[in-house]
There are 2 protein chains.
Amino acid sequence: MVLTRIHHVGIAVKDMDESIERYRAALGAELVHRAVNEKEGLEAAFLRTGEGEVELMSSTRPESPVGKFLAKRGPGLHHVAYGVSDIAAALADARAAGLELIDSEPRMGMHGSLIAFVHPKTMGGVLTELVET
Amino acid sequence: MVLTRIHHVGIAVKDMDESIERYRAALGAELVHRAVNEKEGLEAAFLRTGEGEVELMSSTRPESPVGKFLAKRGPGLHHVAYGVSDIAAALADARAAGLELIDSEPRMGMHGSLIAFVHPKTMGGVLTELVET
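Predicted model, so just to flag it, every value in this text is computed and none were measured.

Quick look at the interface of chain A and chain B
- At the interface, 37 residues of chain A touch 37 residues of chain B.
- Between chain A and chain B lies a buried interface of about 3000 Å² when both sides are counted; carbon and sulfur atoms form 64% of it.
- When the buried surface of chain A facing chain B is broken down by residue, I6, L27 and L77 of chain A rank first, second and third, together holding 21% of it.
- Taken together, the links from chain A to chain B amount to zero salt bridges.
- Inspection of the region where chain A meets chain B yields seven residue pairs in polar contact (both at pLDDT 80 or more).
- Among the elements of the structure, β1 (3-12), α1 (16-27), β4 (52-59) and β5 (76-84) of chain A are those that each provide at least two residues to the side of chain A that touches chain B.
- Of the residues in the side of chain A that touches chain B, the class split is 19 nonpolar, 13 polar and five charged.

As structure tokens, this is what we get:
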């Protein structure tokens, strides 16, 4: 697998508006996209940090995956996403290396890139995402 | 503050050798530097992930900061580091934005770059590092 860069880090937050403002004021990170995924109970906001991005994530209902994460661990780092040039090849490599995939096939992410998640169980406790760049 | 990219993510691990091998085999991430900081009770290994890096962190004694992190939260994401072109200017901006700094002045990091940490308290629970690139 050939990684191109750290594409983004996902950060679970309680208050989306406050967090966007915090990242803007503290780091000069500009909002580039904000959307709600009702099926996953997720609101996400992507902010530019140079060549990478921060994905702020809040829950639209307490029983959503991010809602459960916030209840259990509180706000903080949620996942890391690496860029790959060919996500189908990367998933084949991941499978061959014995990684447990959450997404066995690439799917469309919230801002129009093909993504797939690898289970934290086989990544030392780190929820890991691959993004085709 | 002008961020250049996500410089690295810090990941706390229990077994350094196994974790280096995992990242090599799973993601094709090559080891570029490995060192021990006795004062901080920290062993760190930097692995290349395209333009970014992963910093694997293990403790050399249980009462070290990383040892306490592992005891409390288990292995997983520990911090995120953003690249900045001028760390002195970035720290002045951070101070002006009301961030609580762990390092009030830049200091030399484990692989020869000037770094400074921002307290998670003012970053929504995320331990945040700035690295001069």
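Considerations on helix α2 (residues 65-73) of chain B
Residues and elements named next belong to chain B.
- Three or more residues of α2 are buried, namely V66, G67, F69 and L70. Summarising the axial view, the buried residues of α2 lie within an arc of 160°, below the 170-degree limit, and thus occupy one face. Turned more than 90 degrees away from the buried face of α2, the exposed residues are P65, K68, A71 and K72.
- Where α2 is buried, its residues meet β1 (3-12), β3 (42-49), β4 (52-59) and β5 (76-84).

Thresholds, definitions, all that
Residues numbered from 1 in each chain as written. Chains lettered and ligands numbered in written order. Predicted model: local features only at pLDDT ≥ 70, side-chain atom pairs only at ≥ 80, totals over all residues. Heavy atoms only, no water. Contact = heavy atoms within 4.5 Å. Buried area = accessible area lost by both parts, 1.4 Å probe. Salt bridge = Lys/Arg side-chain N within 4 Å of Asp/Glu carboxyl O. Polar contact = N/O pair within 3.5 Å; in protein donor to acceptor, adjacent residues only side chain to side chain. Helix = DSSP H or I, 4+ residues; strand = E, 2+ residues; numbered from the N terminus. Nonpolar A, V, L, I, M, F, W, Y, C, P; charged D, E, K, R; others polar. Buried < 20%, exposed > 50% of the residue type's maximum accessible area, 1.4 Å probe, protein only. Arc of directions from axis to C-beta.

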